[in-house]
Amino acid sequence: MIQTDKLSYSYTYTDENDNRISKQVFDELSLEIEKGSFTAILGHNGCGKSTLAKHFNAILLPCGGKVFVDGLDTSIEKNLFDVRKKAGMVFQNPDNQIVAAIVEDEVAFAPENLGVEPGEIRRRVDECLKTVGMSKYAKSSSAGLSGGQKQRIAIASILAMQPEYIILDEPTAMLDPQGRNEVISTVKMLNKEKKMTVILITHYMDEAVQADRVIVMNKGKIIMDNVPKKVFSHVEELKKLGLDVPQVTELVYLLRQKGYDLPNDIITTDECADALIKYLI
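Below, the structure is looked at part by part. (Residues numbered from 1 in each chain as written. Predicted model: local features only at pLDDT ≥ 70, side-chain atom pairs only at ≥ 80, totals over all residues. Heavy atoms only, no water.)

Counting secondary structure elements, the protein chain contains 11 helices and 10 strands. On C-alpha atoms alone, the protein chain measures out to a radius of gyration of 20 Å, which is about the 19 Å that the 2.2 N^0.38 rule sets for 281 residues. Taking the principal axes of its C-alpha atoms as reference, the protein chain extends roughly 65 × 50 × 40 Å. A total of 281 residues make up the protein chain; the buried ones form 49% of that total. (Helix = DSSP H or I, 4+ residues; strand = E, 2+ residues; numbered from the N terminus. Rg over C-alpha atoms; globule rule 2.2 N^0.38 Å. Buried < 20%, exposed > 50% of the residue type's maximum accessible area, 1.4 Å probe, protein only.)

Moving on, we get to the pairing of strand β3 (residues 38-42). In terms of burial, β3 is largely enclosed, as five of its five residues are buried. Side chains Phe38, Ala40 and Leu42 project from β3 onto one buried face, and the interleaved Thr39 and Ile41 project onto a second face that is buried too. Across four bridges, β3 lies against strand β8 (residues 197-201) in parallel orientation. Directly across from Ala40, in β8, lies its bridge partner Leu200. When β3 meets strand β9 (residues 213-218), the two strands line up parallel, connected through four bridges. Bridge pairing in β9 links Ala40 to Val214. (Pairing = 2+ DSSP bridges.)

Here strand β1 (residues 2-14) pairs with strand β2 (residues 20-33) via 10 bridges, running antiparallel. Bridging from a neighbouring strand, Leu7 pairs with Leu29 of β2. Where β1 folds back on β2, the antiparallel hairpin that results is connected by five residues, among which Asp18 adopts a positive phi of roughly 65°. Judged from the five bridges that link them, β1 and strand β4 (residues 64-69) form a sheet pairing that is antiparallel. The partner of Asp5 across the bridge, within β4, is Lys66.

Inspection of every chain in the model, using the stated rule, returns two aromatic pairs. Between the aromatic rings of Tyr11 and Tyr13, the centroid separation amounts to 6.1 Å while the plane-to-plane angle is 40°, which identifies the pairing as tilted. For Tyr13, a relative accessible area of 37% gives the class partly exposed. Positioned above the aromatic ring of Tyr204, the side-chain terminus of Arg180 is 3.6 Å from the ring centre. (Phe/Tyr/Trp six-rings, centres within 6.5 Å; stacked < 30°, edge-to-face > 60°. Lys NZ or Arg CZ within 6 Å of the ring centre and 35° of its normal.)

A few words on the pattern of salt bridges. All chains considered together, the criterion is met by 19 salt bridges. With its nearest N and O atoms 3.3 Å apart, the salt bridge here joins Arg152 to Glu182. You can see Arg152 sitting in helix α5 (residues 147-159) and its partner Glu182 sitting in helix α6 (residues 177-192), a full 30 residues away along the chain. The residues Arg152 and Glu182 share a single accessibility class, namely buried. (Salt bridge = Lys/Arg side-chain N within 4 Å of Asp/Glu carboxyl O.)

With that settled, the discussion passes to the side chain of Ser157. For Ser157, the position within the fold is in helix α5. For Ser157, a relative accessible area of 9% puts it in the buried group. Residues within four places of Ser157 in sequence aside, it is in contact with Glu106, Val107 and Ala110. (Contact = heavy atoms within 4.5 Å.)

Strand order in the open sheet formed by four strands is β2-β1-β4-β5, with antiparallel pairing between adjacent strands. Whereas interior strands pair on both sides, the edge strands pair on one side only; in this sheet they are β2 and β5 (72-73).

Membership of the largest hydrophobic core comes to 52 residues, with the highest contact counts inside it found for Ile155, Ile166, Val216 and Phe232. The dominant element in this core, judged by the number of residues it contributes, is α5, at six residues. Non-local contacts of Phe232, meaning those with residues more than four positions away in its chain, are made with Leu42, Met205, Ala208, Val209, Val214, Leu238, Asp244, Val245, Pro246, Thr249 and Ile267. By size, the runner-up hydrophobic cluster in this structure holds 27 residues, among which are Tyr9, Val69, Val83 and Ile201. (Core = buried A, V, L, I, M, F, W, Y, C linked by side-chain atoms within 4.5 Å.)

We now examine the sheet that holds β8. Strand-to-strand pairing in sheets goes through backbone hydrogen bonds, with the strands running parallel or antiparallel. Here six strands make up an open sheet; going across it, the order is β6-β7-β8-β3-β9-β10 and the pairing mixed. Each edge of the open sheet is held by one strand with a lone partner, namely β6 (87-90) and β10 (221-226). Between one strand axis and the next, the sheet turns by 20° as a mean value, whatever way the strands run. Where strand β7 (residues 165-169) lies against β8, five bridges are found, and the strand directions are parallel. Opposite Asp169, over in β8, you have Ile201 as the bridge partner. Its contacts with the sheet put α5 on β6 and β7, and the angle it makes with β6 is roughly 165°. (Axes fitted to C-alpha atoms, helices over the stretch in contact; angles between N-to-C directions.)

Dropping the structure here:
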C-alpha cells in the first residue's frame, strides 16, 4: 500500500514585498491507500491534494513524518528509483509530459532509460498502446493528437514502466467532454481489468462517483473519507467547502428540500430515474 504516517510539509515563497513566507500544507497527516483500489481525492484549489499526490512518488519529500510505498521510505535516497518505478504519475497537461515527436518513441522513452532490453521495450510499447486504445497511432506525430489522445499516450508512457500504482493529477482538467470520457474509461479499465491501483485527483464529481473511495480535503486535512454514496450524501457540507456534487445528487437534494421522500444517497442517473419512478408509482 501507499501510506503516509504523520506527514508534515511546508514551503516558502517570497511575497510582493520580498518577504520570505512559510506556508504549512500538512500537519501530521496519516492515510493509507490499499492496493487494487480506485481512490478519488477532492478539494478546492490550494487544499493540498496535488501536493499530497507528489509525495506518493517522491517528487516531494516530507518535512516531517514518513511516506511509504510498499514499505519503501521515500525519504531514503536509495529507494527513490524503486519508488518511482512503483508509483507512476500523470499530470494535468500532457504537453508538459510528452518528450518525443513520435508516439511509439514516447512510450519507449522510459523503459529505454531504465535499461530494458530492446525486444522487451518493443513488447511493452505494443502492449501499452493497445491497452489505452492507441495502437493505430504508433507512428503518428505526438503534436498532432487531440488532448484526450495525448493524455492516453501519457498514461501509456507510465504503463511502460510497469508501475503498481498510477497517480493522476487532474488529468482531464484541460480536455473537452469526449477527451474526458476517453481518459476516465481508460483509467477504469486499468483498475478493473489490469488490477492497477488508481489515485485520481479531480474537480469533476462525475469522475469521483466512479471510484471505490472518495477522500475530501480542506486546508491540508482529510475531512471526509468514505464510499462515494456516503460522501456525496453530505450535500450541504460539501457546498460549504466550495465543492459541487453530481448533478443528479443536486436534483434529488432540491426535491427533498421541497418535501419529496427520495433517498439522499443517489449519485447516478439510473438511480435517480429508478427512485423517481418508484415515487411516482
